[in-house]
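Structure assessment
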Amino acid sequence: MTLLWILLLPLLGTLVPVLTAHWRRSACAMVTAIPPAFALMILLYHGSAVFAGESLRYTLGWIPLLGMDISIRLDGLAFLFSLLILGIGLLIILYARYYLSEQDSMPRFYAYLMLFMTAMMGIVLSNNVLQLWLFWELTSISSFLLISYWWHKSEARRGARMALAVTGAGGLCLLAALLLLGQITGSYDLDVILASGAVIQQHAWYPLVLVLFLLGCFTKSAQFPFHFWLPNAMAAPTPVSAYLHSATMVKAGIFLLARFYPAMAGTDLWFLLVSITGLTTLLVGAYLALFKHDLKGLLAYSTISHLGLITLLFGMGTDLAAVAGVFHIINHATFKASLFMAAGIIDHESGSRDMRKLNGLWHFMPITATLAMVAAAAMAGVPLLNGFLSKEMFFAETLHQHLLGSLSWIIPVLATVAAIFSVAYSMRFIHDVFFNGKPKGLTKTPHEPPRYMRMPVEVLVVLCILVGVAPGYIVGDLLHAASFAVLGTEVPAYSLAIWHGLNLPLLMSVVALAGGALIYINRKHLFDFQNTLPGVDAINTFELAMKVLTKRCQQFYGWLDNGSLQRYLVFLLMAIVVLAGMPLLQLDTLFGGRPELPVDAVNATGAAMLLISAFATVVFHRQRVVALLMISVVGLMVSIAFTRFSAPDLALTQLSVEVVTIILLMLALFFLPHKTPKQSSPTRVIRDISLASMVGVVIGSISYAIMTRPFNTISDYFLANAKTGGGGTNVVNVILVDFRGFDTFGEIAVLGIASLGIFKLLTRIPVFKPSSDGEGRPWALERHPVLLATVSQGLLPLALMVSVFIFFRGHNLPGGGFIAGLVTAVALILQYIAHGVEWVKSRMNIEYQRVVAVGLMIALLTGAASWLFNKPFLTSWFDYFDIPLLGEIELASAIAFDAGVYVTVVGSTLLILASLGKMTTSHRPVHTESI
Amino acid sequence: MESLLAGCIGFLTACGVFLLLRGRTFPVVVGLTMLAYAVNLFLFSSGRLTLQGAAVLGTTDNYADPLPQALVLTAIVIGFAMTAYLVILAIRARADLGNDHVDGKLPENESSRKESR
């Protein structure tokens, strides 16, 4: 549990500066430092266990079925990184207190910084790769916020955008890689993944996974060719650069390389991709750093170069190289963070970062100068400083590899070349800034910074020296524990001594120092040469590329989503044809062996009528009234088909729905054009016919294949239990109101919602009343034919009686609430048609939306009533009663539920039709707040 | 018999789809209604065809499968609700937008093509 607090404390710390925003600046900075300080203490408390080779774990179940757990693992590598993140983070908090001016919002800065710290801690402590990725993305976002901290500056905004785009794209690649890894190993647990290195490397997906994984690492760690975002991120405040862009975030990619080393490394592909990228980055960064006039620009390219060095070490694939890589992570973080902070001090106290203006600062700030010089010397690899040690190890490893066969000698030579440039730019940093004449054109006189602004630099520089002088005492244990965690096996023997005797690596160091000095002295020629090269403006090129990409995407999107419904439908239907048609292609024969029923004359006639009327509907679809008549024939034939094939309930329902539907569409035609204009081109018609035929063929074939296959139905259960469990003999009705009562409840709810939606759609609709039909004939003057009025009035009680009859017999014989409801609705609608709204309203003034609500309530309460008897929702009950005169009758709770269905159906149907019918009258629905 | 019904289902589907692809709202509504018939028959037929076997206990020895029937029964009613909603939506769209094209606006190239036909 204490492990979780290491992660939670920085997260809580995000709130601290926000809550103490109105405090004095120093107080705000101090309380902000408390959570990470506590986290650091907890971390150190676990130090002895970690140094003993343990890896501590803590898991909190979250979504175990998806492999998502909150899982923490603290081993040597995580410990090392946590130490860097929390330790340097604390120094940065102190430093930023003095760096930020009065105008800058300090709480905002600290909140972003703590958020970033949380994200970094999350990455290094995660034991679940999905959780790791989540924090990975959080670093991208929080670094975006930090880089754009001075959002009023255009370069800050552009730099932040670029960093987010590059690292964000890499993050997506990483997600893909992690998901694939999860697929290969069957777990998102880091322990499992790290233990299945052999499985992963033999898997066919390994190359793909590796490339995606490396894209994620390389974009984050600014490896060539993705290095360009890092120099542009230097628009951030210097504490951010010191923290994110030297010590922590850019190391996240390196961290992943180290973390997944047991699972991914060791193949030729790994070597090729990682070491070549590292080597290229090392050289490009070292070379370009020399030509930067901006202090932070120089440091940014130097960082790129050192990151390349570490990448190269991990790419070599030997255990000793990995140890050297871990060692250089520690050393680079200490000297580069102090250099960035020194650069920030110089910028802060002299008003410029341009090395062409900054000269001879030694006289103005001797202490800062000394500190910066020591750190820069460590960067150059001067003996007795930490940079020297890891560089020696690096040189030794370049000599021991045989990766390029007989050309392997190239790698140490190129490493020496890079080291020469590294010495040269370090010398430039020292000589150009602190000596080399007097300052030119500075706006203010440089001076030493406040006492505590310099303190973080002092701490880090002292560390550089201590590690350089007594490496074994200071970092021996830490390095061993971290290397053990990286390798997953026993760490090979290595020596942290300063003096290894006169050997080749030492010679390479000497060559680098001498060569670097030589190049620095003769730098003028190199600068002249560099100026003749065409420069590439990374940010403009990038933004141009983004613009082109955005435009292409918009074009594609515009093509895909052009607002045409017909077009979307075509795509959808094509997908249906392909998806449903593919399995049919693999089926040997459509006929499944179940013998067909014989075709008799009645069926053949019915089918012919169905086909002819359906065809006629299509042919006459432009004359809408005709099409409507034709489709009503189709509906009639469908209900006859239901009768024929032993589904009387369906036939009754279809028949009554048919009546209601046709009345509805007739009414609708009053408000819509009566004719459809010819608009489709012949090609369009041919396309539609072929698509429709394909869908029809596929669906028909599937239907045939299903019907001719024997099957085992689950309905035997319903048939066996309908009488004993549900108390009815009409199994369809018992299923509806009893076995699947909850489904039916949902369905009447949908019906109610649809009718209320219609009611709402019709309120406040702009009124228009066509005075004539589509062909200009005026409507008949006789609005309510006498004959219909007379007949309908007599029909009403008859129809109501029929519906009551159908309702009550429904449980045992075909019928039930749905059908009874529709019959009632049709009988009432007939009154509207025969007599008009006015007449009905004067006799039956009911708001149908209330009827819908009542029906739903009845169904709901019936269901809830079973709770009274400690039974689940909608448990049915029935019994037989012997009532005098009437004889034995059955009462079932299902009847009450069916009554709810009945009332809902009546209410919904009438609400739909009456609302539409009232449109032409003064009773049309209007918007009132009461409903 | 099965092949005949399968043929009918396929034909109804094809007719429904063709109408669905028209550009005006009313044919689309009619097409959806047609498609609903096809879907209901399709679902119903998944319980296989039975003659003289209504699922009323005690009336026959060979019962038709009652489960697809129960599903289709509610599907018919809900199908009606959806048709109604759609047609009201079409009316509302015509009232608000002034035309009854499914995209809410008349395509220019099609109206000019109409002239040439």
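Heads up: the structure comes first, above all this text.
Residues numbered from 1 in each chain as written. Chains lettered and ligands numbered in written order. Predicted model: local features only at pLDDT ≥ 70, side-chain atom pairs only at ≥ 80, totals over all residues. Heavy atoms only, no water.

1. So, the overall build of chain A
To be explicit about the condition: Going along the chain from the N terminus, every DSSP run of H or I of four or more residues is numbered as a helix, and every run of E of two or more is numbered as a strand. The globule rule used for comparison is 2.2 Å times the number of residues to the exponent 0.38, while the radius of gyration itself is calculated over C-alpha atoms. Any residue under 20% of the maximum accessible area for its type is buried, any over 50% is exposed, and the rest in between are partly exposed; the area is computed with a 1.4 Å probe on protein chains only. Residues are treated as being in contact if the distance between any of their heavy atoms lies within 4.5 Å. Under the convention used here, a 1.4 Å probe and the Shrake-Rupley method define accessible areas, while residue burial counts only the protein chains that appear. Charged-residue counts in this description rest on Lys and Arg as positive and Asp and Glu as negative, His and the chain ends being excluded. Positions of charges follow a simple convention, taking NZ of Lys, CZ of Arg, CG of Asp or CD of Glu.
The secondary structure content of chain A amounts to 39 helices and four strands. Relative to a compact globule of 931 residues, whose C-alpha radius of gyration would be 30 Å, chain A shows 40 Å and is clearly more extended. Taken along the three principal axes of its C-alpha coordinates, chain A extends 120 × 60 × 60 Å. Taken over 931 residues, chain A has a buried fraction of 53%. By sequence separation, contacts in chain A at least 24 residues apart represent 78% of the contacts at least 6 residues apart. About 39500 Å² of surface is accessible on chain A, with carbon and sulfur atoms providing 70% of the total. If you average the places of the 55 positive and of the 47 negative side-chain charges in chain A, the two averages end up 13 Å apart.

2. Observations regarding the packing of helix 17 (residues 295-316) of chain A against helix 20 (residues 386-400) of chain A
Two packed helices can be described by the angle between their axes and the distance between those axes. All names here are of chain A. What counts, and what does not: Lines fitted to the C-alpha atoms define the axes, with helices restricted to the stretch that makes contact. Angles between their N-to-C directions range from 0 to 180 degrees. The scheme is simple: roughly parallel for angles under 35 degrees, roughly antiparallel for over 145, roughly perpendicular for 65 to 115, oblique for anything else. Each crossing is labelled by how the near helix is turned from the far one, with a counterclockwise turn of less than a right angle marking it left-handed and a clockwise turn marking it right-handed. When residue character is reported, Ala, Val, Leu, Ile, Met, Phe, Trp, Tyr, Cys and Pro are called nonpolar, Asp, Glu, Lys and Arg charged, and the others, Gly included, polar.
Between helix 17 and helix 20, the shortest axis-to-axis distance is 11 Å and the interhelical angle comes to 40°. Classed by the angle they form, the pair helix 17 and helix 20 counts as oblique. Where helix 17 crosses over helix 20, the handedness of that crossing is left-handed. In this structure, helix 17 uses L309, L312, L313 and M316 to contact helix 20, whose residues at the interface are K391, F394, E397 and T398. Here the residues of the contact of helix 17 with helix 20 are counted per class, giving five nonpolar, one polar and two charged.

3. Considerations on unusual backbone geometry
Residues and elements named next belong to chain A. Following F224, the chain continues into P225 via a peptide bond in cis, with omega recorded as 0°. Along the polypeptide, P225 turns up in the loop between helix 11 (206-220) and helix 12 (229-232). You will see that L384, though not glycine, has its phi angle at about 75°, which is positive. When you line up the elements, L384 lands in the loop between helix 19 (366-380) and helix 20. One non-glycine residue with positive phi stands out, namely N436, at about 55°. The topology assignment puts N436 in the loop between helix 21 (410-434) and helix 22 (451-469).

4. Digging into the environment of L309(A)
Residues and elements named next belong to chain A. Secondary-structure assignment places L309 in helix 17. Classification of L309 by relative accessible area gives buried; the value is 2%. Linking L309 and H328, residues 19 residues apart in sequence, is a C-alpha distance of 8.7 Å. Look past the residues within four positions of L309 in its chain and what remains in contact with it is G278, L282, H328, K391 and F394.

5. Details of the side chain of N40(B)
Looking at the secondary structure, you find N40(B) in helix 2 (residues 25-45). Its relative accessible area of 7% is what places N40(B) among the buried residues. If we ignore the near neighbours within four places in the chain, the residues touching N40(B) are F642(A), Q654(A), V72(B), A75(B) and I76(B).

Scope: geometric values only; no functional claims are made or implied.
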